[in-house]
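# Residue-level structure breakdown
Listed here are the chains, written in short residue letters.
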Amino acid sequence: MAAALRINTFISTLSVILLLKLTEATNSGFTVDLIKCDSTVSPLYNSSHTHFDRLYNAFARSVSRANRFKPSLQSKSSIQSNVIANDGEYLIKISLGTPAIEVLGIVDTGSDLIWTQCEPCEKCYKQDLPLFDPQQSSTYGNVPCNSSPCKALDTATCGTDKNTCQYSYSYGDQSFTNGDLGVETLTIGLTTGHQVTLPNIVFGCGHNNDGTFGEAGSGIIGLGGGPLSLVSQLHNSIGGKFSYCLVPTENSNVTSKINFGGNGLDSGNGVVSTPMVAKDPSTFYYLTLEGISVGNKRFAYKASSKAVASNEGNIIIDSGTTLTFLPPEFHADLVAALVKAIDAERVRDPRGVLSLCFRSIDDIDVPIITAHFTGADVKLKAINTFARMDDDLVCFTMIPSESLAIFGNLAQINFLVEYDLKAKKVSFLPADCTKH
């Protein structure tokens, strides 16, 4: 089968500004809206950037973000709220402490620790909001050295002058935060309307921080699988589940949705599920990709790099990475098959980001590409695998990587994707995300 690639039928959620807004709340969870950053209603909208500029910038950041996932550099380890993208990353608006102080944290499914920049600051990157001062909060408390949260961080140490857990946390792109591990009241919501107050949330109070952070952000909200992430700390209250449904950018008046909690997907309505694989570090959501088909031709997963060659848990799924990253040998098989299957002139990507491009002003017919996860065949349409990068340029949105393989968010458009941490599975349901 083949599907016609329509102009503008693609999304770059790394270049999305997310305004987190409660649309539905129940005892079992709540649903929030995601608004794209290139929308004219976005406070970060830049009219001087073309749509293609935004795509290329997002793809370049996707490559940079993938560096955070290098295993050798990783430490183990009704509501209304705003989530705002800064240079393509998601920021969630929360409040910390009593009285509450506003914090804008980057939402990161590829890390665990929740942290923000704090007073007194030894070294901090420039941020627009005031730094959080724990001494001004009546609900702040230090995490003891012998506590389980402190032990959850391999790089944690004990302060010399007090029984306070001190942490050091770094990312693959050389960004880092160092400070005290504390507990604090976290409030999700705006100054008006309903709010959710979460007491005793463990977070990092960073006194020495630097890296690739923009001025709009105040830190990071980790949503990974490790014990200190916000998802893990809310585990019981949301039933260990969260899900999202990403809409194409052509639907500018419709928002994507993220749901925390809920009753889960009905396995009888076309849902396919694949096990999460427990691996170190526990931060990442590991799946097993057995192969990929281009049309009716199936290619088995293969990799020479030790970082990605394991049979089980050989790929992570990440909503914050735009592109899909595959081992070079495996990627080469797919490229060769696509060159044969697509009747268009092959050209180089002039910006050097993408590895397979075709010259075409008109729509092109591209094969259905099926990702064969263990127990789950996920059929990807043209919108999931190709993007128009210029008026006459269409490119494949999977690229080769010697590092960890990543199933990115372009491949997840128009799927309801659910993470069930209790059942240890990820489920996919083809959907019109404009209706979810």
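Treat the numbers as computed from the prediction; the structure is a model and nothing was measured. Residue numbering note: each chain is counted from 1, following its sequence as written. Where local features are concerned, this predicted model is filtered to residues with pLDDT of at least 70; where side-chain atom pairs are given and counted, the filter is 80 or more; whole-chain, interface and lining totals use all residues. Side-chain measures were taken over the full set of non-hydrogen atoms in the model, leaving aside hydrogen atoms and water.

## Focus on the overall build of the chain
Put simply, the test is: Helix numbers and strand numbers start at the N terminus; a helix is a DSSP run of H or I with at least 4 residues, a strand a run of E with at least 2. Accessibility here uses a 1.4 Å probe with only protein chains present; expressed as a share of the type maximum, an area under 20% marks a residue as buried, one over 50% as exposed, and anything in between as partly exposed. Exposure was quantified through the Shrake-Rupley algorithm and a 1.4 Å probe, taking into account, for residues, occlusion by the shown protein chains and nothing else.
Per the secondary structure count, the chain includes five helices and 31 strands. Residues classed as buried in the chain amount to 58% of the 436 residues present. By element, 49% of the accessible surface of the chain is carried by carbon and sulfur atoms, the whole surface being about 17600 Å².

## A word on the nonpolar core
The line we're drawing: Take the buried residues of types Ala, Val, Leu, Ile, Met, Phe, Trp, Tyr and Cys, join any two whose side-chain atoms come within 4.5 Å, and each joined set is a nonpolar core. Contacts are residue-level and defined by heavy atoms, with any inter-residue pair within 4.5 Å sufficient.
Ranked by internal contacts, the top residues of the largest apolar core, which has 67 residues, are Leu289, Ile317, Phe373, Phe407, Tyr419 and Phe428. The element that contributes the greatest number of residues to this core is helix H4 (residues 328-341), accounting for five residues. Discounting residues that sit within four places of it in the chain, Phe407 has contacts with Ile315, Ile316, Ile317, Asp318, Thr324, Ala371, Phe373, Leu380, Gln412 and Phe428. Formed by 19 residues, the second largest nonpolar core is a distinct cluster that contains Val277, Ala387, Leu410 and Ile413.

## Topic: the sheet that holds strand E17 (residues 289-294)
Operational definition: Think of it this way: DSSP has to see at least two bridges between two strands before they count as a pair. An axis is simply a line fitted to the C-alpha atoms; with a helix, the fit covers only the stretch in contact. Between two such axes, the angle follows the N-to-C directions and lies from 0 to 180 degrees.
If you trace the four strands from one edge of the open sheet to the other, you get E18-E17-E24-E25, paired in antiparallel fashion. At either end of the open sheet lies a strand with only one pairing partner, and these are strand E18 (297-300) and strand E25 (376-380). Looking at each pair of strands side by side, their axes are set apart by 20° on average, direction ignored. Judged from the five bridges that link them, E17 and strand E24 (residues 369-373) form a sheet pairing that is antiparallel. Of the residues in E24, the one forming a bridge with Val294 is Ile369. Sheet strands touched by H4: E17, E18 and E24. Its angle to E17, the strand with the most contacts, is close to 15°.

## A short note on the sheet that holds strand E26 (residues 386-390)
Judged by pairing direction, the sheet is antiparallel, and its four strands sit side by side in the order E21-E22-E27-E26 without closing on themselves. Whereas interior strands pair on both sides, the edge strands pair on one side only; in this sheet they are strand E21 (345-347) and E26. Mean inter-strand twist for the sheet, computed between neighbouring axes without regard to direction, equals 35°. In this sheet, strand E22 (residues 357-359) lies alongside E21 in antiparallel orientation, the contact comprising three bridges. What sits directly across from Glu345, in E22, is Arg359.

## Observations concerning the pattern of salt bridges
Here is the rule: Salt bridges are counted wherever a side-chain nitrogen of Lys or Arg sits within 4 Å of a carboxyl oxygen of Asp or Glu.
One pass over the full model with this rule turns up four salt bridges. Close ionic contact of Lys123 with Asp210 constitutes a salt bridge, the shortest N to O distance being 3.3 Å. Note that Lys123 is positioned in the loop between strand E6 (115-117) and strand E7 (141-142) and Asp210 in strand E11 (residues 196-210), a separation of 87 residues in sequence. Asp210 gets classed as partly exposed once you look at its relative accessible area, which sits at 25%. Close ionic contact of Asp392 with Arg359 constitutes a salt bridge, the shortest N to O distance being 3.3 Å. Taken together, the residues Asp392 in the loop between E26 and strand E27 (393-396) and Arg359 in strand E22 connect sequence positions 33 residues apart.

## A closer look at the environment of Ile364
Tracing the sequence through the fold places Ile364 in the loop between E22 and strand E23 (365-367). Classification of Ile364 as buried rests on a relative accessible area of 5%. For the pair Ile364 and Val394, spaced 30 residues apart in sequence, the C-alpha to C-alpha distance is 8.5 Å.

## As for the confidence of the model for the chain
Which entries qualify depends on this criterion: Values of pLDDT, ranging from 0 to 100, describe the predictor's confidence in every residue of the model.
On average, residues of the chain carry a pLDDT of 78, and 73% of them reach 70 or more. Within the chain, strand E2 (residues 21-26) has the poorest average pLDDT of any element, 39, and E24 the best, 98.

## Observations concerning the state of the cysteines
To keep it simple, the criterion reads: In what follows, a disulfide is any cysteine sulfur pair within 2.5 Å.
Counted by the stated rule, this structure contains six disulfides. With a sulfur-sulfur separation of 2.1 Å, Cys118 is cross-linked through a disulfide to Cys205. Handedness of the Cys118-Cys205 disulfide follows from its S-S torsion of about -110°: it is left-handed. Placement of the pair is Cys118 in the loop between E6 and E7 and Cys205 in strand E11, with a sequence separation of 87 residues. Residue classification places Cys118 among the buried positions, given a relative accessible area of 0%. Linked covalently through their sulfurs, Cys121 and Cys124 form a disulfide whose S-S length is 2.0 Å. Every disulfide takes its handedness from the sign of the S-S torsion; for Cys121 and Cys124 that torsion is 135°, giving right-handed. Once the bonded cysteines of the chain are numbered in order along the sequence, the disulfide links fall as 1-8, 2-3, 4-6, 5-7, 9-12, 10-11.

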